[in-house]
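Overview (structure and organization)
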Amino acid sequence: MQTLSDLLECFQLYAVCEPCQRVEGVDLPTLVKSEGGDYPIDRVRMRLYCKSCQQRSQALRIVYVGPDGKAASFRYAR
Ligand SMILES: [Zn+2]
C-alpha cells in the first residue's frame, strides 16, 4: 500500500475529474502535515471531490517529478 511519504519526494499527485475533465494538483506537503506520512493514497482517492461539478471522481494521476520536483521544473522551464 502506498502512503503519502512514498510519494512526497519524487511524485506529484493530481486529482482528475472524469465528467468535466478538471485536473487539480494535490498539495502533498500540506496533506502530510495534516494526516501524517503514513496516510494511505487510497484514502486520499476516496476523499477526492470536484469543486467544479460537485462529483466525487476518485481518479488520481501520479506523476513522477524526480527528487525535489526537479524533473518537473526542468520540463516547465523549457
Ligand atoms: Zn468535475
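Anything mentioned here points back to the structure above.
In what follows, the accompanying structure is described. Source: prediction; values computed, not measured.

A few words now on the sheet that holds strand E1 (residues 11–17). Read from one edge to the other, the open sheet built from three strands follows the order E2-E1-E3, with strand pairing classed as antiparallel. Each edge of the open sheet carries a strand with a single partner, namely strand E2 (22–26) and strand E3 (59–64). Across the sheet, the axes of successive neighbouring strands diverge by a mean angle of 30°, strand direction being ignored.

What follows concerns unusual backbone geometry. Phi angles above zero are rare outside glycine, and Gln21 is one such case at about 60°. In this structure, Gln21 sits in the loop between E1 and E2. Not every positive phi belongs to a glycine, and Gln54 is a case in point at roughly 65°.

Moving on: the pairing of E1. Sheet analysis places E1 next to E3, joined by six bridges and oriented antiparallel. The residue bridging Leu13 from the neighbouring strand is Ile62, located in E3. Pairing between E1 and E2: five bridges, direction antiparallel. Paired with Ala15 across the two strands is Glu24, which belongs to E2. If you look at the hairpin formed by E1 and E2, you'll find four residues sitting between the two strands, and Gln21 has a positive phi there, around 60°.

Summarising burial for helix H2 (residues 28–35): zero of the eight residues are buried, a small minority. At the exit of H2 stands Gly36, carrying a positive phi of roughly 95°.

Let us look at the nonpolar core. Membership of the largest hydrophobic core is limited to six residues, which are Leu4, Leu7, Leu13, Ala15, Val26 and Val44. Breaking this core down by element, the ones donating at least two residues are helix H1 (4–8) and E1. Leave out the neighbours within four places in its chain, and Leu4 touches Leu28, Leu31, Val32, Glu35, Gly37 and Tyr39.

So, how was this worked out
- Residues numbered from 1 in each chain as written.
- Predicted model: local features only at pLDDT ≥ 70, side-chain atom pairs only at ≥ 80, totals over all residues.
- Pairing = 2+ DSSP bridges.
- Helix = DSSP H or I, 4+ residues; strand = E, 2+ residues; numbered from the N terminus.
- Axes fitted to C-alpha atoms, helices over the stretch in contact; angles between N-to-C directions.
- Buried ≥ 20, exposed ≤ 12 C-beta atoms within 10 Å, placed from the backbone.
- Core = buried A, V, L, I, M, F, W, Y, C linked by C-beta atoms within 7 Å.
- Contact = placed C-beta atoms within 7 Å.

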